[in-house]
Amino acid sequence: MPIIILGILIYLGFTLYSKSYFSLQPEGTRYKSSVDKITSYLKQTSPELVQFDEEELSLLSGNVAKMKKNLFFVSTPEEGILTSIYHEPFVAFSRQWHHPGKKLGVIGIATHSDTFLYIMKKDHTDVFINDRPYGTFQPNGDLVAMKGKTTVGSYSAEEKSYLIKLENVPVAEIKMDITQQELPLRIIDIFDPLDSNKYKQVEILAFYLLGLSLH
């Protein structure tokens, strides 16, 4: 089969999956409502974000601008813009929890150019990038890509941070307890320069963990 035809079939399959996703899921209406609210906020906010180079991801801090707080947990920001250590608007986020223990719900993260959605279910988390399905986080921390069903990365909990691995090699870590500081501090440490594809995989992993760790 010609590669171009195979590519078209894969694209159509992903598109149909995206469109039918919520109708096939338990509590699909509730999740769709959360996703709609989160994506609306991220679309409004992303034009305010600066375009940063991939190697500048490690400049991200835990400090939040334009913060919207949960009505019941006043100290916890649920929408806002994370700044770089130089106070630049780097990343927008929005979260809605369906369970008080952050076990179920939706995390949305946007950069200037991409939108990441993490739909948290009981036994896995589905990942969408720019409205297209990318893959799934398994309970053991593995990130399995939808295309090819291959494990493209993983994370594990250390004492005060999450360790991110690609091809079973540690490449980065992100703080486990992310809070605002008077002096903005880096929250992501990338150990060595990576190629573009690996930076994207680190983003997918790190942004999910950021959504879980931000306090």
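The structure under discussion appears in the preceding block.
Residues numbered from 1 in each chain as written. Predicted model: local features only at pLDDT ≥ 70, side-chain atom pairs only at ≥ 80, totals over all residues. Heavy atoms only, no water.

**Describing a negative patch on the surface**
Alright, step 1. On the surface, Asp53, Glu54, Glu55 and Asp195 cluster together into a negatively charged patch.
Alright, step 2. For Glu54, the position within the fold is in the loop between α2 (28-45) and β1 (60-69). (Patch = residues over 30% accessible without salt bridge, like charges linked within 9 Å, V, L, I, M, F, W, Y side chains within 5 Å. Areas by Shrake-Rupley, 256 points an atom, 1.4 Å probe, with all protein chains shown as cover. Salt bridge = Lys/Arg side-chain N within 4 Å of Asp/Glu carboxyl O. Lys, Arg positive; Asp, Glu negative; His and termini not counted. Charge placed at Lys NZ, Arg CZ, Asp CG, Glu CD. Helix = DSSP H or I, 4+ residues; strand = E, 2+ residues; numbered from the N terminus.)

**Section: the side chain of Gln201**
Alright, step 1. Within the secondary structure, Gln201 sits in helix α3 (residues 196-213).
Alright, step 2. What makes Gln201 buried here is its relative accessible area of 10%.
Alright, step 3. Not counting chain neighbours up to four residues away, the residues in contact with Gln201 comprise Tyr134, Val152 and Leu166. (Buried < 20%, exposed > 50% of the residue type's maximum accessible area, 1.4 Å probe, protein only. Contact = heavy atoms within 4.5 Å.)

**Looking at the pattern of salt bridges**
Alright, step 1. By the definition in use, this model includes five salt bridges.
Alright, step 2. The partner of Glu78 in a salt bridge is Arg95, with the nearest N and O atoms 3.1 Å apart. Of the two residues, Glu78 is situated in strand β2 (residues 77-84) and Arg95 in strand β3 (residues 89-97); the sequence distance between them amounts to 17 residues.
Alright, step 3. Its relative accessible area of 10% is what places Glu78 among the buried residues.
Alright, step 4. The closest approach of N and O atoms between Glu203 and Lys200, which form a salt bridge, is 3.1 Å. Taken as a pair, Glu203 and Lys200 lie in helix α3 at a separation of three residues, close to a single helical turn.
Alright, step 5. In this structure Glu203 comes out as buried when scored by relative accessible area, which is 9%.

**A closer look at the pairing of strand β11 (residues 169-175)**
Alright, step 1. Direction of pairing for strand β10 (residues 161-166) relative to β11: antiparallel, over a ladder of six bridges. Residue pairing in the sheet places Leu163 in a bridge with Glu173 of β11.
Alright, step 2. Examined bridge by bridge, β11 and strand β12 (residues 188-190) share three bridges and lie antiparallel to one another. Residue Glu173 lies in a different strand from β12, and its bridge partner there is Asp189. (Pairing = 2+ DSSP bridges.)

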